[in-house]
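Take a look at the letters that make up each chain.
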Amino acid sequence: MNKNTLKTSLRTLIVLLTLALVAQGVAAETTDDSSATDGMTGDVGVGLALGLAAIGAGFSQAAIGSAAVGMLAEDGSKFGVALIFTALPESIVILGALPLFLGGN
């Protein structure tokens with residue numbers, strides 16, 4: 001892994017963790033006027049979970065897909081393994097979509 005890529009990845013991770021901490025603080029804040037929030041913080045959290053899971057799956061599928069194509073170019077009999085590894089990151093998106101179904105009002 002390139003040093004610049006590693007630095008960029010770490011910076012992105014720090015920004016995302018900071019965003020998650022701020023979102024938790026906003027969600028934990030209690031107000032007397034319940035109509036002011038109107039369930040918006042939960043919707044933002046669900047959107048963040050699904051969006052960030054999809055972005056992460058996209059990044060991982062880009063790297064895995066190119067490696068799978070290279071592996072298939074070397075040995076065409078490994079198609080099943082390449083297909084499984086390429087489809088694995090989609091489970092991340094499914095897990096990111098769970099708050100849509102679990103966080104009902």
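Reading the values: rules and limits
Residues numbered from 1 in each chain as written. Predicted model: local features only at pLDDT ≥ 70, side-chain atom pairs only at ≥ 80, totals over all residues. Heavy atoms only, no water. Helix = DSSP H or I, 4+ residues; strand = E, 2+ residues; numbered from the N terminus. Buried < 20%, exposed > 50% of the residue type's maximum accessible area, 1.4 Å probe, protein only. Contact = heavy atoms within 4.5 Å. Areas by Shrake-Rupley, 256 points an atom, 1.4 Å probe, with all protein chains shown as cover. Patch = residues over 30% accessible without salt bridge, like charges linked within 9 Å, V, L, I, M, F, W, Y side chains within 5 Å. Salt bridge = Lys/Arg side-chain N within 4 Å of Asp/Glu carboxyl O. pLDDT = per-residue confidence, 0-100.

This part takes up the overall build of the chain. Check the secondary structure of the chain and you find five helices and zero strands. Secondary structure elements of the chain, listed N to C terminal, follow the sequence α-α-α-α-α. Considering the chain as a whole, with its 105 residues, one finds that 9% of them fall into the buried category. Contacts in the chain between residues far apart in sequence, at least 24 positions, make up 63% of those at least 6 positions apart. Carbon and sulfur atoms make up 69% of the accessible area of the chain, which amounts to about 8,000 Å² in all.

So, about a nonpolar patch on the surface. A cluster of nonpolar residues, L16, L19, L52, I55 and F59, forms a patch on the protein surface that exposes about 460 Å² of accessible area. Those elements giving two or more residues to the nonpolar patch turn out to be α1 (3–28) and α3 (40–74). Counting residues per element, the nonpolar patch draws most heavily on α3, which supplies three residues. Turning to its location among the elements, L19 is positioned in helix α1.

Below, the discussion takes up the confidence of the model for the chain. Of the residues in the chain, 78% have a pLDDT of 70 or more, and the chain-wide mean is 78. Of all helices and strands in the chain, the one with the weakest mean pLDDT is helix α2 (residues 34–37) (52), whereas helix α4 (residues 79–87) scores best (89).

Looking at where A68 falls in the secondary structure, it is placed in helix α3. For A68, the contacting residues outside a window of four places in its chain are A82 and T86.

The next subject is the environment of A53. By the secondary structure assignment, A53 is in helix α3. Between the C-alpha atoms of A53 and V93, which are 40 residues apart in sequence, the distance is 5.2 Å. Beyond its immediate sequence surroundings of up to four residues, A53 is in contact with L48, I92, V93 and G96.

As a further point, take the environment of A49. Looking at the element boundaries, A49 is found in helix α3. Taking the C-alpha atoms as reference, A49 lies 9.2 Å from L100; in sequence the two are 51 residues apart. Those residues within four positions of A49 in sequence are excluded, and the remaining contacts are G96 and P99.

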